[in-house]
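# Reading the structure
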Amino acid sequence: MACPVRILFHSPRIPQNSGNAIRLAAVTGAPLHLAGPLGFELTDTRLKRAGLDYHELASFTVHDDLEAAYAALLPARVLAFTARATTRHTDIAYRPGDVLLFGPEPTGLDPEVLADERVTERVRIPMLPGRRSLNLANAASIAVYEAWRQHDFS
């Protein structure tokens, strides 16, 4: 069975991260949504190279902006991943349909996005002190696999 959560990248900037997330979507079944503006073209060879031949195997949708993504994905819980949160990703009981929201590289989610009433919870992935952030695709992988693990990979 597929992973029950959905991945949402808000305004991603690095095509390789989105390409890796396409592979993540293909191997877990977690649909990937990209909310513009994008920092690259969908025809970028780096996006295609990072996604390898998984593009056709992934559920992958591009939205003009975050509002359009929310219109397509809500109602659902929106779990915003940020280094400034106190709730760890392992403390969440993930539900089918949850949206895992990640911000652009290198800034992360803007304060306005984090303060939006549609964000249900702010979530962090633990890191050593003094470290700024994880790679976007790696952070999404950690969160998706935790959600899928909680559902016994089924």
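Note: the structure precedes this text.
All residue numbers here refer to positions counted from 1 along the written sequence of the relevant chain. With pLDDT at 70 or above as the cut-off, local features in this predicted model cover only qualifying residues; side-chain atom pairs require 80 or more to be listed or tallied, and sums for whole chains, interfaces and linings still use all residues. Working from all heavy atoms in the structure, the side-chain values ignore hydrogens and water.

## Considering the overall build of the chain
- Every helix listed is a DSSP run of H or I at least four residues long, and every strand listed is a run of E at least two residues long, numbered separately from the N terminus. Counting secondary structure elements, the chain contains five helices and seven strands.
- What the globule rule says is 2.2 Å times the number of residues to the power 0.38, and the radius of gyration is computed from C-alpha atoms. The C-alpha radius of gyration of the chain comes to 14 Å, within 12% of the 15 Å expected for a compact globule of 154 residues.
- Counting only C-alpha atoms and orienting by the principal axes, one finds that the chain spans roughly 35 × 35 × 35 Å.
- Expressed as a percentage of contacts within the chain between residues at least 6 apart in sequence, the contacts between residues at least 24 apart total 77%.
- Looking at charge distribution, the chain has the averaged site of its 16 positive side-chain charges lying 7 Å from that of its 17 negative ones. Every residue pair with non-hydrogen atoms within 4.5 Å of one another is taken to be in contact. Positive charges are assigned to Lys and Arg, negative charges to Asp and Glu, while His and the chain termini are left out of the count. The atoms used to mark charge sites are NZ of Lys, CZ of Arg, CG of Asp and CD of Glu.

## Section: the pairing of strand 6 (residues 99-102)
- For every residue, the accessible area (1.4 Å probe, protein chains only) is compared with the maximum for its type, and the residue is labelled buried under 20%, exposed over 50%, or partly exposed between those bounds. Residues V99 and L101 of strand 6 are buried on one face, and the alternating residues L100 and F102, pointing to the opposite face, are buried as well.
- A pair of strands is labelled paired if DSSP reports no fewer than 2 bridges between them. Across four bridges, the pairing between strand 1 (residues 6-10) and strand 6 is parallel. Following the sheet pairing, R6 is matched in strand 6 by V99.
- By the bridge criterion, three bridges tie strand 4 (residues 78-81) to strand 6 in an arrangement that is parallel. Among the inter-strand pairings, V78 is bridged to a residue of strand 6, identified as V99.

## Looking at a nonpolar patch on the surface
- Together, V27, Y145 and F153 line one region of the surface with nonpolar side chains, adding up to about 270 Å² of accessible area.
- Its relative accessible area of 41% is what places F153 among the partly exposed residues. Here a patch means residues that are over 30% exposed by relative accessible area and free of salt bridges, tied together within 9 Å if like-charged and within 5 Å if nonpolar (Val, Leu, Ile, Met, Phe, Trp, Tyr). The method behind every accessible area is Shrake-Rupley, applied with a 1.4 Å probe, and residues are considered shielded solely by the protein chains displayed. A carboxyl oxygen of Asp or Glu within 4 Å of a side-chain nitrogen of Lys or Arg is what we treat as a salt bridge.

## Focus: the layout of surface pockets
- Here a cavity is any set of points on a 1 Å grid over the protein atoms alone where a 1.4 Å probe fits but cannot get out, and a pocket is any open set with protein on both sides within 12 Å along at least 5 of 7 lines; a residue lines the site when it has an atom within 4 Å of a point. Grid points are joined across faces, edges and corners, and a volume is the space filled by probe spheres set on the points. Estimates place the volume of the largest pocket at around 480 Å³.
- A83, G108, R132, S133 and L134 are, among the 24 residues lining the largest pocket, the residues nearest its centre.
- Put simply, the parts of the chain that give the lining of the largest pocket at least two residues each are strand 7 (121-124) and helix 5 (136-150).
- Residues are grouped as follows: nonpolar covers Ala, Val, Leu, Ile, Met, Phe, Trp, Tyr, Cys and Pro; charged covers Asp, Glu, Lys and Arg; every other residue, Gly included, is treated as polar. Considered class by class, the residues forming the lining of the largest pocket number 13 nonpolar, seven polar and four charged.

That's the geometry; what it means functionally is another story.
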